[in-house]
Amino acid sequence: EQGSKGLGFMIIFPAVDIQNGKAVRLKQGRAHESTVFAENPVDAASAWEKAGARWLHVVDLDGAFDGAAQSRHIVRDICTALSIPVQLGGGIRDMKTAEGYLEAGVSRLIIGTLALEQPELFAAMCRAFPGQIGVSLDAEGGRLKSRGWVEDTGMTVDSALPRLLEDGAAFIIYTDIERDGMQCGVNVAALEHISRLSTVPVIAAGGVATLADVQKLYPLTLTTSLAGAVSGRALYEGTLNLEEANAWVAAQ
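Residues numbered from 1 in each chain as written. Predicted model: local features only at pLDDT ≥ 70, side-chain atom pairs only at ≥ 80, totals over all residues. Heavy atoms only, no water.

Enquirer: What is the right way to read the packing of aromatic side chains from this model?
Expert: What describes a pair of aromatic rings is the distance from one ring centre to the other and the angle between the planes of the rings. Summed over all chains, the structure comprises 3 aromatic pairs. Geometrically, the ring pair formed by Phe13 and Trp55 is tilted, given 6.0 Å between the ring centres and 45° between the ring planes. With Phe13 in strand E1 (residues 11–19) and Trp55 in the loop between helix H1 (41–50) and strand E4 (56–60), this pair connects stretches of sequence that are 42 residues apart. Trp55 carries the same exposure label as Phe13, and that label is buried. Considering the side-chain rings of Trp48 and Tyr236, the 5.3 Å spacing of their centres and the 85° angle between planes classify their relative orientation as edge-to-face. Here Trp48 is found in helix H1, whereas its partner Tyr236 is found in helix H11 (residues 233–237), with 188 residues between them in sequence. Trp48 gets classed as buried once you look at its relative accessible area, which sits at 12%. Taking the relative accessible area as the measure of exposure, Tyr236 reaches 23% and is therefore partly exposed. (Phe/Tyr/Trp six-rings, centres within 6.5 Å; stacked < 30°, edge-to-face > 60°. Helix = DSSP H or I, 4+ residues; strand = E, 2+ residues; numbered from the N terminus. Buried < 20%, exposed > 50% of the residue type's maximum accessible area, 1.4 Å probe, protein only.)

Enquirer: Would you take a moment to explain helix H4 (residues 95–103) for this structure?
Expert: Side chains that are three or four residues apart share a direction in an α-helix, a result of its 3.6 residues per turn. Those residues of H4 not exposed but buried are Thr97, Ala98, Gly100, Tyr101 and Leu102. Structurally, H4 contributes buried residues whose contacts are with E4, helix H3 (72–81), strand E5 (86–89), strand E6 (108–111) and helix H6 (119–128). By the N-cap criterion, in which a side-chain oxygen at the helix start approaches the backbone nitrogen of a residue two or three places on, H4 is capped by Asp94, the distance to Lys96 being 3.2 Å. Backbone geometry just after H4 places Gly105 at a positive phi near 110°. (Contact = heavy atoms within 4.5 Å. Polar contact = N/O pair within 3.5 Å; in protein donor to acceptor, adjacent residues only side chain to side chain.)

Enquirer: Honestly, the packing of H6 against helix H7 (residues 157–167) in this entry has me stumped. Any pointers?
Expert: For any two helices packed against each other, the geometry comes down to the angle between their axes and how far apart the axes lie. Axis separation between H6 and H7 bottoms out at 8 Å; the angle between their running directions is 40°. The angle between H6 and H7 places the two elements in the oblique class. Where H6 abuts H7, its residues Pro119, Phe122, Ala123 and Cys126 lie against Arg163, Leu164 and Asp167. Taken together, the residues of the contact of H6 with H7 sort by class into 5 nonpolar, no polar and 2 charged. (Axes fitted to C-alpha atoms, helices over the stretch in contact; angles between N-to-C directions. Parallel < 35°, antiparallel > 145°, perpendicular 65-115°, else oblique. Nonpolar A, V, L, I, M, F, W, Y, C, P; charged D, E, K, R; others polar.)

Enquirer: It is not clear to me how the nonpolar core should be interpreted in this structure. Could you clarify?
Expert: As a rule of thumb, soluble globular proteins bury nonpolar side chains together. Within the largest apolar cluster, 71 residues are counted, with the highest numbers of intra-cluster contacts made by Leu56, Leu109, Phe122, Leu137, Ile172 and Leu217. Per-element tally for this core: the top contributor is H7, with 5 residues. Ignoring any residue separated from it by four or fewer positions in sequence, one finds Leu137 in contact with Leu116, Leu144, Leu161, Leu164, Ile172, Ile173, Tyr174, Thr175 and Ile194. Residues Ala15, Ile110, Phe171 and Ile173 belong to the second largest nonpolar core, which totals 11 residues. (Core = buried A, V, L, I, M, F, W, Y, C linked by side-chain atoms within 4.5 Å.)

Enquirer: Would you take a moment to explain unusual backbone geometry for this structure?
Expert: With glycine set apart, most residues show a phi of negative sign, and most peptide bonds adopt trans. With a phi angle near 50°, Asn20 is a residue other than glycine that sits in the positive phi range. Tracing the backbone shows Asn20 in the loop between E1 and strand E2 (22–26). Taking the relative accessible area as the measure of exposure, Asn20 reaches 61% and is therefore exposed.

Enquirer: Any chance you could explain the packing of H1 against H3 here in plain terms?
Expert: Here H1 crosses H3 at 30°, and the two axes come no closer than 9 Å. Classified by the angle their axes make, H1 and H3 are roughly parallel. Along this stretch, H1 crosses H3, giving a crossing that reads as right-handed. Here Pro41, Val42, Ala45, Ser46 and Glu49 of H1 come into contact with H3, specifically with Ile74, Asp77, Ile78 and Ala81. Considering only residue class, the contact of H1 with H3 consists of 6 nonpolar, 1 polar and 2 charged. (Left-handed = near helix turned anticlockwise from the far one by under 90°.)

Enquirer: I tried to follow the side chain of Thr221 on my own but got confused; where do I start?
Expert: Among the structural elements, Thr221 can be located in helix H10 (residues 220–223). Among the polar contacts listed, one links the side chain of Thr221 to the backbone oxygen of Tyr218, at a separation of 2.7 Å.

Enquirer: In this structure, what is going on with H7? I would like to understand it.
Expert: Turning to H7, its buried residues number three or more, namely Val157, Ala160, Leu161, Leu164, Leu165 and Asp167. Around the axis of H7, the buried residues are gathered within 150° of arc, so they sit on the same side. Looking one or two places after H7, you find Gly168, whose phi comes out positive at around 115°. (Arc of directions from axis to C-beta.)

Any link to function would need more than the numbers given here.
What follows is the structure in structure tokens.
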């Protein structure tokens with residue numbers, strides 16, 4: 001499932017975002033604009049596995065906004081309930097938090113703010129857990145944001161990516177902030193650019209709203225390092241059907 005460019009395989013990652021112990025979705029990452037989709041995140045996670053998910057994408061929003069891992073017991077319950085692997089992001093800002101999530105059963109971790117602001121710590125994390133640490137790059141017009149999208153880092157994708165790859169990032173999740181949770185389609189040009197630059201798998205996030213979006217991205221899996229797409233709101237609200245998307249990808 002992982003590797004270099006041109007695999008022609010695309011994984012759809014259903015997203016389960018945890019806030020105050022519930023499964024929610026945010027609009028453009030804003031903490032106060034959330035919709036509760038499930039009282040119990042474990043139920044939401046299990047439902048996606050039953051629907052044919054190959055991976056699950058979990059975000060601990062309590063961690064992302066408060067900088068503390070409050071939802072680790074829920075994460076452990078999700079990992080215990082599922083037989084598919086789980087990747088997790090949100091507020092992982094130190095080695096101890098990373099270790100805690102991996103011990104809870106998470107297969108790989110997504111690092112955001114820390115990767116950009118503390119390069120030495122990020123590189124140490126990649127060395128400690130080889131192949132298990134990825135980076136979330138959140139961009140608006142090519143400029144990278146951090147701390148839950150509230151701060152401009154002063155970096156661009158092009159300036160940051162080489163160092164992150166050198167440090168040992170195992171995969172990249174690229175979010176186009178303008179499109180996240182807004183269901184207005186994917187930024188194919190931006191994704192093609194980063195997927196050509198990257199030597200590790202790239203996963204698209206933000207704006208994957210319909211089967212047409214999956215179909216637009218799919219050709220990049222043949223020629224670049226694009227390997228998948230995360231979708232949340234669209235899957236919950238039914239504008240994208242997981243079984244249908246997986247069947248279309250498999251048919252290619």
